[in-house]
Amino acid sequence: MRNKPIANVNADLLKERKNCSFDIEELTNLIDGGKNQTARRREIENMLLKNMPFDIIPEECLSAKEKYENAVRKSVALNKIGVELVSQVTKAKELSDLTLTLRRVSDAYFREVTPFLLHLGMFIPTILGQCSDEQVAHWLPLAMQLKIIGTYAQTELGHGTFIRGLETTATYDERTEEFVLNSPTLSSSKWWAGGLGKTANHCIVVAQLYTKGECYGTHPFIVQIRDMDTHMPLKGLKVGEIGPRLGFQTADNGFLVFDNFRIPRDSLMMKHAKVLKDGTYVKIARHSKLTYGTMIFVRVLLVSEMAFNLSKAVTIAVRYSAVRRQSELKPNEPEPQVLDYLTQQHKLFISISTVYAFQFTSNWLMKTYHTVQANMKHGNTDALPELHALSSCLKAICTSDCSAAIEQCRFACGGHGYMISSNLPSLYAFTTATRTYEGDYTVLLLQTARFLVKTWEQVELGNAVTPMVAYLARHQNREAWDESPEGIIRAFEAIAAGVYQTESVRSVSFGQSDAIKDVMKQLSDLYLLYWSLERTGDLLTTLKSTLGSYDGRVYERLMEEALKSPLNQEPVNESFHNEPEPQVMDFVSQQHKLFIGIASYYSYSMTALWLWDILTKVTSELGVGKTDRLPESHGRAVFMSVFNSEMEKSVSSLSAPLQAVLRQLVELYLYYWTLEKRGDLLLVLQSTLGSYDGRVYERLMEEALKNPPNKEPVNESFHKYLKPFIQGKL
Ligand SMILES: CCCCCCCCCCCCCCCC(=O)SCCNC(=O)CCNC(=O)[C@H](O)C(C)(C)COP(=O)(O)OP(=O)(O)OC[C@H]1O[C@@H](n2cnc3c(N)ncnc32)[C@H](O)[C@@H]1OP(=O)(O)O
Ligand SMILES: Cc1cc2nc3c(=O)[nH]c(=O)nc-3n(C[C@H](O)[C@H](O)[C@H](O)COP(=O)(O)OP(=O)(O)OC[C@H]3O[C@@H](n4cnc5c(N)ncnc54)[C@H](O)[C@@H]3O)c2cc1C
């Protein structure tokens, strides 16, 4: 079916395909996991192609309301087939292959995401990971057959990262054997859960559990939020859509506020802890962080999600680059395909190798995840910290690299890449969110750093460590170890690259032809080479390390450094008496993100004035054709030198403190750009987050309430599609 010739294929594309050095079908089988899996995937795709309603008007041309309704219509149709297929499957492996195929094929129907994403991606996994056997038996069939539609509401207006700081309370009332849910403050409003705004009728709510006057920390509860027949929000809660976003337009992300909302005792998901009828709290888990399990699972999933999304983006960009012709290199000769430019290949080929790096690493990570889960079933949680560290850093790096690579793919498509119809903007909007959700990039890297530092301590003590981090022991007492967060991150990047190399070699070592092996080897080498070149600058850093000194006096140096700390200059810090929660502004990593923006603003303003003065002169002397191809480093140098000199001229009349601040900005700008190559500038604020009065949560809620979907309590797509679907009448 796939190999049937298609009429009217662009001649350049045909030519490129003919030049392919290997059998495409063979590579397809490798990616799918075998011939049978490829056949099965195609069978499902064909069935869906026959039965699924496609869009008549492109999604992007619809209003926000229409977009949502269209997404519900398509989700219902897709999941109707999905539920039927799932019901025919008996083996766990077949089920996981099927869900993966359905997930992949669903992208053919949604430019945006389905409002059921959280139901499939987090609600069902949380039932599996957090419910007692009895609860699984009750909830899982309902969820699998989509008799109920759920989401995962953990994040609040005031806290996303710091889960222990969540404010929603679930207080046990032993007289009625119920928990009472409350949102005591504005900042405790649940915020962000996908599908919550309009679609879900159930919700996993993460709340602080109180019983017999004691708080036992955050726990997950499964809560019905809408009437099953009318879909109206239940009494005692307020629920709505949070408002337009960069992407995720059709995911109806929502807010949820509780006012003495009562739920039965067994709404507490009781795999890891339970509350007895009399209110006694019983801890079951052997590890205190098992309630964070769904997040680990989704972080693992996201690695393959990134491989898939980047594979789509780079396929689009490579095909287009074969078709697109631009510029006259030799008079009277045809314009070359842009794919033939080395600079274009540089943009694209690293993305191709990154896709394979992510996919092989993802296969390996998923296997590791299942092994750790199997061990945990027998009570062994030893490997959990490493799994957490691994899934954290791989999630952080792959989501960040993926969105950056998709931007490169968009650049590679020139102006047309900016069209929504190219799908590159939507792919970018989807993937850039993954850098934030399920654990912010910086925060997750810091979790990994924490694990590595602890491992390093074990290495220092001569204790055995797991194979994944054994390289720390190999580097002991050698200059290669750099204990800074960047050094640690790089070390883990090296591991990711190592996994890729070993996994790709293993996967192609038997069965596959030499042609495929050659290509995979080239891609693997490209990935390693690219990152070693990207990080060359870092390799030149001096050590500045207490741990890596030549004489190995690690403990002495650690102690000397510790004694220098300003914190040790006073016996009791004032925060002992009154410790405020830190503002994220206090984190150095946050300042790093923000201050360069301020410095850049001044740099751009100064340089713009200077540039205006010399524009005419430069264009007449050099000619426009020559100036518009200045390499990036030259442009950057211009910004730096102009900023430096113009700022110096204009600050002399200012007061000393202001002069000092502005000079610091110049230094920061120069310093930053010697280390980094990216920056960001926000000129016009118009922002709920950046208002002068800092009333962030009030403004977010005010804007959400203005949101048109919140003007009607139940969207008409409930009556038209959702209700007949849930009740099996569609
Ligand atoms: C198949 C078809 C479906 C389709 C599929 C599609 C894809 C699927 C798309 C889904 C779409 C999702 C859409 C977004 C959905 C959200 O975004 S849901 C919300 C997600 N939220 C987050 O990820 C919040 C991030 N924050 C955190 O994870 C934690 O709070 C932090 C940052 C780890 C800190 O936690 P903490 O409790 O303050 O812990 P902390 O004091 O830092 O550490 C204490 C110890 O716990 C350990 N620890 C922390 N976390 C863990 C953990 N998870 N495990 C083990 N140990 C841990 C630490 O390592 C530390 O260990 P020690 O060093 O003491 O030994
Ligand atoms: C599209 C999308 C969908 C989402 N879906 C859901 C959902 O379905 N359910 C749900 O519960 N949540 C959801 N979320 C919320 C998401 O999980 C959180 O936004 C995410 O975990 C980040 O938390 P935050 O918003 O509190 O960021 P913050 O923690 O406030 O981050 C702000 C800045 O502070 C920095 N920072 C914070 N803490 C530290 C630290 N300790 N050290 C150094 N720097 C720090 C961060 O690096 C970041 O630069 C979604 C978010 C998005 C964007």
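Look up a bit, the structure's there.
None of these values were measured; they are calculated from a predicted model.

Draft legend 1. Region of interest: the overall build of the protein. Secondary structure summary: the protein contains 23 helices and 11 strands in total. Looking at the protein residue by residue over its 730 residues, the buried ones come to 44%. For the protein, long-range pairs separated by at least 24 residues make up 72% of all intrachain contacts whose partners lie at least 6 apart in sequence. Carbon and sulfur atoms make up 58% of the accessible area of the protein, which amounts to about 39,600 Å² in all.

Draft legend 2. Structural view of the site of ligand 2. Near ligand 2 there are 25 residues, and of these Thr155, Thr161, Asp440, Gln590 and Lys593 occur at the shortest range. Interatomic distance of 2.5 Å between a side-chain N/O atom of aspartate 440 and an oxygen atom of ligand 2. Mapped by element, the contributors of at least two residues to the shell around ligand 2 are strand S4 (190-193), helix H12 (441-460) and helix H18 (588-622). Broken down by class, the residue content of the shell around ligand 2 amounts to 11 nonpolar, 11 polar and three charged.

Draft legend 3. Quick peek at a positive patch on the surface. Taken together, the side chains of Arg164, Lys289, Arg450 and Lys454 define a basic patch exposed on the protein surface. A residue is classified by how much of its surface remains accessible, and arginine 164, at 57% relative accessible area, is exposed.

Draft legend 4. The packing of aromatic side chains, seen in detail. Summed over the entire model, instances satisfying the criterion amount to nine aromatic pairs. The ring centre of phenylalanine 308 lies 4.4 Å from the NZ or CZ of arginine 104, which sits over that ring. The ring of tyrosine 441 carries the charged tip of arginine 435 above its face, separated from the ring centre by 3.8 Å.

Draft legend 5. Molecular detail of the site of ligand 1. Taken together, 30 residues surround ligand 1, and among them Thr161, Lys289, Tyr292, Gly439 and Arg450 come closest. A distance of 3.0 Å is found between an oxygen atom of ligand 1 and a side-chain nitrogen or oxygen belonging to glutamine 447. Coverage of ligand 1 by the protein amounts to 85% of the 1,300 Å² it exposes when considered alone. Looking at the shell around ligand 1, the elements that each hand over two or more residues are helix H6 (117-130), helix H8 (293-323), helix H10 (384-412) and H12. Top contributing element to the shell around ligand 1 by residue count: H8, with six residues. In the shell around ligand 1, the residues fall into 14 nonpolar, eight polar and eight charged. A domain split of the shell around ligand 1 shows at least three residues from each of domain 2 (120-130 + 147-284) and domain 3 (295-445).

Draft legend 6. Region of the structure containing the nonpolar core. If you look at the biggest cluster of nonpolar residues, it comprises 73 residues, and the most contacted ones within it are Phe123, Ile127, Phe358, Leu365 and Leu394. Two domains each provide a minimum of three residues to this core, namely domain 2 (120-130 + 147-284) and domain 3 (295-445). Discounting chain neighbours no more than four positions away, the residues touching phenylalanine 358 are Val303, Met306, Ala307, Cys398, Asp401, Cys402 and Tyr527. Counting residues in hydrophobic clusters, the runner-up holds 25 residues, among them Tyr172, Ile225, Leu256 and Phe261.

Draft legend 7. Structural detail: the side chain of serine 717. As for its placement among the helices and strands, serine 717 is situated in helix H23 (residues 716-726). Those residues in contact with serine 717 that lie beyond four places of it in its chain are Tyr68, Glu69, Val72 and Leu722.

Draft legend 8. Representation of the sheet that holds strand S8 (residues 254-258) within the structure. Spatially, the three strands line up as an open sheet ordered S4-S8-S7, and their pairing is antiparallel. With one partner strand each, in any of the chains shown, S4 and strand S7 (237-241) form the two edges of the open sheet. Sheet twist, expressed as the mean angle between neighbouring strand axes with direction ignored, is 20°. In the sheet, S7 pairs with S8 via five bridges, with the strands oriented antiparallel. What sits directly across from lysine 238, in S8, is valine 257. Here helix H22 (residues 696-706) sits on the sheet in contact with S4, S7 and S8, set at roughly 110° to S8.

Draft legend 9. Examining the pairing of strand S6 (residues 214-224) more closely. In terms of strand pairing, strand S5 (residues 202-211) meets S6 through nine bridges, oriented antiparallel. Each residue of the ladder has a partner; that of histidine 202, found in S6, is glutamine 224. Two successive antiparallel strands, S5 and S6, enclose a turn made up of two residues, where lysine 212 displays a positive phi of approximately 50°.

Draft legend 10. Geometry of the packing of helix H2 (residues 24-32) against helix H3 (residues 35-51). The geometry of H2 relative to H3 is characterised by a closest axis approach of 7 Å and an angle of 90° between their N-to-C directions. What the angle tells us is that H2 and H3 run roughly perpendicular. Residues Glu25, Thr28, Asn29 and Asp32 of H2 form the contact with H3, whose own contacting residues are Lys35, Gln37, Thr38, Arg41 and Arg42. Each residue belonging to the contact of H2 with H3 can be placed in one class, and the counts come to no nonpolar, four polar and five charged.

Draft legend 11. Highlighting the environment of glycine 160. Position of glycine 160 relative to the elements: it lies in the loop between strand S1 (152-153) and strand S2 (169-173). The spacing of glycine 160 and valine 9 is 151 residues in sequence and 49 Å in space, taken between C-alpha atoms.

Draft legend 12. Representation of the environment of glycine 379 within the structure. In this fold, glycine 379 is placed in the loop between helix H9 (342-377) and H10. For the pair glycine 379 and proline 336, spaced 43 residues apart in the sequence, the C-alpha separation amounts to 62 Å.

Draft legend 13. Geometry of unusual backbone geometry. Not every positive phi belongs to a glycine, and aspartate 252 is a case in point at roughly 30°. Within the secondary structure layout, aspartate 252 lies in the loop between S7 and S8. On the basis of relative accessibility, which here comes to 1%, the residue aspartate 252 falls in the buried class. For asparagine 332, which is not a glycine, the phi torsion comes out positive at approximately 65°. For asparagine 332, the position within the fold is in the loop between H8 and H9.

Draft legend 14. Quick look at the pattern of salt bridges. Per the counting criterion, the structure on display carries 19 salt bridges. With a closest N to O distance of 2.9 Å, arginine 41 and aspartate 32 form a salt bridge. Under the relative-accessibility criterion, arginine 41 is labelled buried at 18%. A residue is classified by how much of its surface remains accessible, and aspartate 32, at 24% relative accessible area, is partly exposed.

Procedures and definitions
Residues numbered from 1 in each chain as written. Chains lettered and ligands numbered in written order. Predicted model: local features only at pLDDT ≥ 70, side-chain atom pairs only at ≥ 80, totals over all residues. Heavy atoms only, no water. Helix = DSSP H or I, 4+ residues; strand = E, 2+ residues; numbered from the N terminus. Buried < 20%, exposed > 50% of the residue type's maximum accessible area, 1.4 Å probe, protein only. Contact = heavy atoms within 4.5 Å. Areas by Shrake-Rupley, 256 points an atom, 1.4 Å probe, with all protein chains shown as cover. Near = heavy atom within 4 Å. Polar contact = N/O pair within 3.5 Å; in protein donor to acceptor, adjacent residues only side chain to side chain. Nonpolar A, V, L, I, M, F, W, Y, C, P; charged D, E, K, R; others polar. Patch = residues over 30% accessible without salt bridge, like charges linked within 9 Å, V, L, I, M, F, W, Y side chains within 5 Å. Salt bridge = Lys/Arg side-chain N within 4 Å of Asp/Glu carboxyl O. Lys, Arg positive; Asp, Glu negative; His and termini not counted. Charge placed at Lys NZ, Arg CZ, Asp CG, Glu CD. Phe/Tyr/Trp six-rings, centres within 6.5 Å; stacked < 30°, edge-to-face > 60°. Lys NZ or Arg CZ within 6 Å of the ring centre and 35° of its normal. Domains from an automatic or database assignment. Core = buried A, V, L, I, M, F, W, Y, C linked by side-chain atoms within 4.5 Å. Pairing = 2+ DSSP bridges. Axes fitted to C-alpha atoms, helices over the stretch in contact; angles between N-to-C directions. Parallel < 35°, antiparallel > 145°, perpendicular 65-115°, else oblique.

Coordinates in, geometry out; function isn't part of it.
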